[in-house]
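Spelled out from the first residue to the last, the chains are:
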Amino acid sequence: MQEIQEFFSRMFPQVEPSLLAPMFVNAEPRHFAKKELFCAQGETPEVILFIQHGIFRGYFCNQKGDEMTDCFCYRHGEMPVPNLPLDAPANINMEALAESDTIALPVEDVLQFLRANDFALRIYNSLLLDSLRRHIEVKKMLYQVEAAKRYAWFLEHYPDLDPLVNDKYIASFLGVTPVTLSRARSALGRKKRSGVKP
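Residues numbered from 1 in each chain as written. Predicted model: local features only at pLDDT ≥ 70, side-chain atom pairs only at ≥ 80, totals over all residues. Heavy atoms only, no water.

For the protein chain, the helix and strand inventory stands at seven helices and seven strands. Each helix (α) and strand (β) of the protein chain, taken in turn from the N terminus, gives the series α-α-β-β-β-β-β-β-β-α-α-α-α-α. Overall, the protein chain is about 55 × 40 × 30 Å in size when its C-alpha atoms are taken along their principal axes. Looking at the protein chain as a whole, 43% of its 198 residues are labelled buried. The long-range fraction of contacts in the protein chain, counting pairs at least 24 apart against all pairs at least 6 apart in sequence, stands at 69%. Accessible surface computed for the protein chain: about 11,200 Å², of which carbon and sulfur atoms make up 54%. If the 23 positive side-chain charges of the protein chain are averaged to one point and the 25 negative ones to another, these points end up 13 Å apart. (Helix = DSSP H or I, 4+ residues; strand = E, 2+ residues; numbered from the N terminus. Buried < 20%, exposed > 50% of the residue type's maximum accessible area, 1.4 Å probe, protein only. Contact = heavy atoms within 4.5 Å. Areas by Shrake-Rupley, 256 points an atom, 1.4 Å probe, with all protein chains shown as cover. Lys, Arg positive; Asp, Glu negative; His and termini not counted. Charge placed at Lys NZ, Arg CZ, Asp CG, Glu CD.)

Viewed as axis vectors pointing N to C, helix 3 (residues 107-116) and helix 4 (residues 118-144) meet at an angle of 115 degrees, and their least axial separation amounts to 5 Å. Between helix 3 and helix 4, the angle falls in the class roughly perpendicular. For the pair helix 3 and helix 4, the contacting residues are Phe-113, Leu-114 and Ala-116 in the first and Asp-118, Ala-120, Leu-121 and Tyr-124 in the second. Residue composition of the contact of helix 3 with helix 4, grouped by class: six nonpolar, no polar and one charged. (Axes fitted to C-alpha atoms, helices over the stretch in contact; angles between N-to-C directions. Parallel < 35°, antiparallel > 145°, perpendicular 65-115°, else oblique. Nonpolar A, V, L, I, M, F, W, Y, C, P; charged D, E, K, R; others polar.)

This next bit is on the sheet that holds strand 6 (residues 93-96). In spatial order, the strands read 2-6-4-5; together these four strands make up an open sheet with antiparallel pairing. Here the strands that pair on one side only, and so sit at the sheet edges, are strand 2 (37-39) and strand 5 (67-73). Taken pair by pair, the neighbouring strands of this sheet meet at an average axis angle of 30 degrees, ignoring direction. (Pairing = 2+ DSSP bridges.)

Before going further, it helps to examine the environment of Phe-32. Structurally, Phe-32 can be placed in strand 1 (residues 28-32). For Phe-32, a relative accessible area of 0% puts it in the buried group. As a C-alpha pair, Phe-32 and Thr-102 span 70 residues in sequence and 8.0 Å in three-dimensional space. Among residues more than four places away in sequence, those in contact with Phe-32 are Leu-37, Phe-38, Leu-49, Phe-56, Ala-96, Ala-98, Glu-99, Ser-100 and Thr-102.

The subject of this paragraph is the nonpolar core. Phe-72, Phe-154 and Leu-174 are the most contacted members of the largest nonpolar core, which totals 23 residues. Only helix 4, helix 5 (147-157), helix 6 (167-174) and helix 7 (178-194) provide two or more residues apiece to this core. Examining the composition of this core, we find that five residues originate from one element, helix 6, more than from any other. Setting aside its immediate chain neighbours within four residues, Phe-154 contacts Phe-72, Pro-159, Leu-161, Asp-162, Ile-170, Phe-173 and Leu-174. One finds Phe-8, Phe-24, Val-107 and Leu-111 within the second-largest nonpolar core, a separate group that totals 22 residues. (Core = buried A, V, L, I, M, F, W, Y, C linked by side-chain atoms within 4.5 Å.)

This is the structure we're talking about:
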């Protein structure tokens, strides 16, 4: 419990620990094996996860049955949330791409905490806005930028993931084929070697 208290104190330093305490009374560590599914599309998650370390991928399947990567979550304290609002069915599947350790909080505990604390609700709304901005940025990039620049953008915004994540997941996230991703990677490498800015 002490570890969990310290985790949330670091996550929300602007909130008094006594105010946070009710939220993590029922919190518990939860480990995910590689490729373990946290939540399937259509299911309603019973817990919210906070990443300690690991990698999660949100994805859905198109009409052909191909998996399309919607998002990656891997930063310390990040929440791999497959649904909004928090008590709604999941819009996407969410799986661990690597051995991952998280802290799980019951959804109902979090909702009660948000309803009772205006300051916490403002923090939550701020997190939602940040998530919305990232999704808008991704969609603009997919529709307006060529493949090589998409890959350069990915390296800038997800600097640790490229060597850790399967190429097909990165390719589907960027809206390109694995072959196109490989060509973009090679082109970027050539530009770097020649000193040309991507």
